[in-house]
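Observations on chain architecture
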Amino acid sequence: MSLTSDALHEAQERVRVCREAGDRPGLAHALVILSSELQNVARHDEGVAAAREGAALYRELGNSGGLVWALENVAGRCTAAGRHPEAVEATQERVDIQRAAPDPPGLAHALVTLGSNLEAAGRLDDAIAAALEGTAVYRELGGPGGIAWALQNLARRYQTAGRHAQAAEATGEEAAIHRAAQDRPALAHALVTLGSNLLNAGEPERAVVPARESVELYQALKNLGGFNWALQSLERIGVVLSARQPFEYTVPRPYTVEASFPPGGPLATLSRNDNHMEVFAVDTDGRMWTSWWWHGTWDGSFLLAGHSFLPGAHVAALTRNDDHMEVFAVDGAGRVWGNYWHGEWRGWFEIPGHLFPPGAPLAVMSRNEDHMEVWGVDGDGKVWGNYWNGEWQGWFEIPGHLFPAAAHLVSLTRNDDHMELYAVDGQRRLYASAWGGEWGQWAAIGSYEFPPGSPLGGISRHEEHLEVFGIDKDGQFRANWWDGDNWHEWVPIGTRLFEPGSPLTTVSRHEDHLEVFVVDTQGQTWGNYWDSEDWHEWYEIRAQRPFAGPAHLATLTRDDDHMEVFGIGGSGKRTAGWYMDGNWNDWFLLPAATTPLPDEEIPPGEERIFTLGKEIWVYSTVGMRLPLYCSEARLVCRQDGSWQFNAFMRNTETDGDCSFDLYLRLHDVSRPFDFRLSGELGAPGDKEAAQLGRLTQGFLPEARFQEEGHFDALTDQAFFREVFTCSATFTIPPPGWSSYITPPTEDPE
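Procedures and definitions
- Residues numbered from 1 in each chain as written.
- Predicted model: local features only at pLDDT ≥ 70, side-chain atom pairs only at ≥ 80, totals over all residues.
- Heavy atoms only, no water.
- Helix = DSSP H or I, 4+ residues; strand = E, 2+ residues; numbered from the N terminus.
- Expected span 1.5 Å × (residues − 1).
- Buried < 20%, exposed > 50% of the residue type's maximum accessible area, 1.4 Å probe, protein only.
- Contact = heavy atoms within 4.5 Å.
- Pairing = 2+ DSSP bridges.
- pLDDT = per-residue confidence, 0-100.
- Core = buried A, V, L, I, M, F, W, Y, C linked by side-chain atoms within 4.5 Å.
- Salt bridge = Lys/Arg side-chain N within 4 Å of Asp/Glu carboxyl O.
- 1 Å grid on protein atoms, 1.4 Å probe; cavity = no way out; pocket = protein on both sides within 12 Å on 5 of 7 lines; lining within 4 Å.
- Points joined across faces, edges and corners; volume = space filled by probe spheres on them.
- Nonpolar A, V, L, I, M, F, W, Y, C, P; charged D, E, K, R; others polar.
- Phe/Tyr/Trp six-rings, centres within 6.5 Å; stacked < 30°, edge-to-face > 60°.
- Lys NZ or Arg CZ within 6 Å of the ring centre and 35° of its normal.
- Axes fitted to C-alpha atoms, helices over the stretch in contact; angles between N-to-C directions.
- Parallel < 35°, antiparallel > 145°, perpendicular 65-115°, else oblique.
- Left-handed = near helix turned anticlockwise from the far one by under 90°.

**Observations regarding helix α8 (residues 144–161)**
In this model, α8 (18 residues) spans 26 Å end to end at C-alpha, consistent with the 26 Å of a helix rising 1.5 Å per residue. Every buried residue of α8 is listed here: Gly146, Ile147, Ala148, Ala150, Leu151, Asn153, Leu154, Ala155, Arg157 and Tyr158. Each element contacted by the buried residues of α8 is listed here: α6 (104–120), α7 (124–141) and α9 (164–180).

If you want it as structure tokens, here you go:
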């Protein structure tokens, strides 16, 4: 029995005992606890009923404290059931009780919660009014934590209403509170949100300031997930700015190490539209990476930071619409974690309530844009599922049959109201269960035997057809199909034999075509296809053999004339082959997954040199908006902490002099060091116009200095910035205005 079912049984038993004993206070408490456990197993209507009964008892008993607690739970159960007007009703009663008490702290919390429930019920104006009142009560109470939380919720209500300027104002105040409290993680999060709200309000020039600071904060906190999220937000602002003025933001990483993946390990793929592909895998250090193809180009690899898994853990991926992706995996503690992309990756979250074997494979499905399902086989061999229809509803068992722990599951859907699950049990038989409103009994499909728990493939080409595939205990690749009425007997595909239970993958490019792929013991990839009449003999996919032996493959199709096959080769690198217009093309490597090398691993005495590889145009955000043109810029960072910077800039419109600011911020500095910065700026007619420099000792983390050189012809200014670690950024962000000071006239030595 699972932890969830144990807790539910105990809660039900407590209700029974209290009811029989006539213990009304105990029964009220037990009913509210029972409502929570019922929600955990997705029995939402029963959960609402139990919470309502508990609230009614507290109301009869005249226990206002208990009633407030029960009403909070009624609202939570109604929200989980999608019954938002009822959640509003329960929370409003809670507000009324705490307003009459009076209980200002409870009232403040209830009002903010009421705002969230009103938004879910579609009553945006009322939601904003409740959030505003909740914020005002928190202000009267004076606790900065409560005010910040209320402001965060108020900003969300404004965002939903499209009132982005007011959302930015609320988030700016929240950020100021976190800054005063020196809560750097909360400040970093608020600054990203502030940048986004300012961008949505049509103020990208203001948005870039908090966005850039959030990047630096997350970097100082060594939070790579937050850093990547903040950097994506900054880049979106840059895209908008570039339509108004040239914008460059580059992040070279001069010392990096390439991630390695377990050879032959599992991958997951998806395509959101005809111009997009995405590939996911977990490396040998337990980090999940994605590589993506967009409009003809593989654009790189991205680390989904923030949580780690077992090396080579299975990944499940799905898309609900063109602008959304989800990935799921089981970590080393057996917990299921998810992450989703909706314009950016939002960070890892746990789907709690049940445990699975570490790294176990999961099956996932989306029947429509507002629904997702995830399933796995736990350590007891039971199949458990969870579904999302606005929020995750809790784990439930699909009973009636047992499978080997962590057995592979395949899921299929024929239409929005149907789902199927398949797996091979311990007696080597393939079993299926179907959902058409509720889950049916597990039933065996045919008589052939497969290795217990072995990988399977499945496809639904149209509503009246299902197809499943597996490699049986004798190494024969077999298929079975459902034609709208019955399953048939297993048929062999071709004459070639493979390792029993080898991983396989399937794809359908259109209703009258099927393809299957598998890697043999020699590392050769083989394919076969059905073209509306017959299966053919196996063929090799190119002559190269990137794999060392049987390997997991993943495949996808973007259109009727295109397929891609992906795997992890013997070198630990992700490789792919693609079929286009009737021909298979050569295998190629996906972009390398690289991460910065720790400072202690950088070779001693090495000079790290940054050179701008292209011309960069920079416009000021003030004044005449004349362009500054930087044709040369070079920075040398030595291991002993000394620096040398030089750049050549000129005003491209007047070919005359220009002004600039040089700005440096230091962080992640663990010890004092000698700091030296020198630079030469030249302008036509002035030649060597100025020299800048400073030599000092004992710089502390976050120490700053600023030097400016001034030329008469142009008053707009450009900022140059570099981070001490040398592994992070050399950037020319959009410039801003700062009054200048006269630079030193002598060499600081």
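**A look at the sheet that holds strand β6 (residues 316–321)**
Spatial ordering of the open sheet is given by β6-β7-β8-β9, a layout of 4 strands whose pairing is antiparallel. With partners counted over all chains shown, the strands left at the sheet margins are β6 and β9 (349–350), one partner each. As paired strands, strand β8 (residues 336–341) and β9 are joined by 2 bridges and run antiparallel to one another. The residue bridging Gly338 from the neighbouring strand is Phe349, located in β9.

**Concerning the confidence of the model for the protein chain**
Mean pLDDT over the protein chain stands at 77; residues scoring 70 or higher make up 76%. Between residues 245–255, whose pLDDT stays under 50, and residues either more than four places distant or in other chains, the model counts 44 contacts. Confidence over residues 602–749 falls short of pLDDT 50; this stretch has 368 contacts with residues more than four positions distant or in other chains.

**Side note on the nonpolar core**
Generally speaking, a soluble globular protein has its nonpolar side chains buried in company with each other. In this structure, Val15, Leu27, Leu34, Ala55, Tyr58 and Val74 are the most contacted members of the largest nonpolar core, which totals 26 residues. Contributing elements (two or more residues each) for this core: α1 (3–21), α2 (24–40), α3 (44–61), α4 (64–80) and α5 (84–100). Among the elements that make up this core, the one with the highest residue count is α2 (7 residues). With residues up to four places along the chain from it excluded, the contact list for Leu27 reads Val15, Cys18, Arg19 and Leu57. Grouped together as the second largest cluster of nonpolar side chains are 25 residues, Val88, Leu114, Ala170 and Ile177 included.

**Quick look at the pattern of salt bridges**
Per the stated rule, a full pass over the model turns up 22 salt bridges. When the shortest N-O distance is used, the salt bridge between Glu203 and Arg206 registers 2.9 Å. Judged by its relative accessible area of 25%, Glu203 is partly exposed. The residue Asp283 makes a salt bridge to Arg287 at a minimum N-O spacing of 2.9 Å. Through salt bridges with shared partners, one network takes in Asp45, Arg52, Arg83 and Glu86.

**Observations concerning the layout of surface pockets**
Reported here for the largest pocket is a volume of approximately 1800 Å³. Taken together, 44 residues line the largest pocket, and the ones lying closest to its centre are Thr269, Ala317, Ser411, Gly458 and Thr555. Only β2 (268–270), β6, β10 (363–368), β14 (410–412), β18 (457–462), β22 (504–510) and β26 (553–556) provide two or more residues apiece to the lining of the largest pocket. When the residues that make up the lining of the largest pocket are grouped by side-chain class, the tally is 25 nonpolar, 17 polar and 2 charged.

**Points about the packing of aromatic side chains**
All chains considered together, the criterion is met by 22 aromatic pairs. Summarising the aromatic geometry, the rings of Phe309 and Trp348 are spaced 5.0 Å apart at their centres and angled 65° between planes, so their arrangement reads as edge-to-face. Taken together, the residues span a long stretch of sequence, with Phe309 in the loop between β5 (297–303) and β6 and Trp348 in the loop between β8 and β9 at a distance of 39 residues. Given a relative accessible area of 13%, Trp348 falls into the buried group. Here the aromatic rings of Tyr340 and Phe349 are separated by 6.4 Å at their centres, their planes lie at 65°, and the arrangement is edge-to-face. By the ring-pair criterion, three or more aromatic residues cluster together here, those being Phe469, Phe477, Phe498, Trp535 and Trp538. In this structure, Arg478 is placed above the aromatic ring of Tyr448, and the distance from its NZ or CZ to the ring centre is 3.6 Å. It is Arg496 that lies over the ring of Trp526; its NZ or CZ is 3.6 Å from the centre.

**Structural notes on the pairing of strand β23 (residues 513–519)**
Along β23, 7 of the 7 residues are buried, which leaves the element largely enclosed by surrounding structure. Side chains His513, Glu515, Phe517 and Val519 project from β23 onto one buried face, and the interleaved Leu514, Val516 and Val518 project onto a second face that is buried too. Pairing geometry for β22 and β23, over 5 bridges, is antiparallel. Across the sheet, the residue bridging to Leu504 is Val518, located in β23. Here β22 folds back onto β23 in antiparallel fashion, the turn holding 2 residues. The pairing of β23 with strand β24 (residues 525–530) spans 6 bridges and is classified as antiparallel. The partner of Glu515 across the bridge, within β24, is Tyr529. The antiparallel pairing of β23 with β24 creates a hairpin that spans 5 residues between the two strands, and Gly523 there sits at a positive phi of about 85°.

**Some details on the environment of Asp370**
For Asp370, the location among the structural elements is in the loop between β10 and β11 (371–377). In sequence terms Asp370 and Trp388 are 18 residues apart; their C-alpha atoms lie 7.8 Å from each other. In this structure, Asp370 is in contact with Arg320, Trp388, Asn389 and Gly390, ignoring residues within four places of it in sequence.

**Here we look at the packing of α6 against α7**
One way to put it is that α6 packs onto α7 with a least axis distance of 8 Å and a crossing angle of 160°. Regarding the angle of α6 to α7, the classification is roughly antiparallel. Relative to α7, α6 is oriented so that their crossing is left-handed. The residues of α7 that touch α6, namely those facing Pro104, Pro105, Leu107, Ala108, His109, Leu111, Val112, Leu114, Gly115, Leu118 and Glu119, are Leu124, Asp126, Ala127, Ala130, Ala131, Glu133, Gly134, Val137, Tyr138 and Leu141. Split by residue class, the contact of α6 with α7 holds 15 nonpolar, 3 polar and 3 charged.

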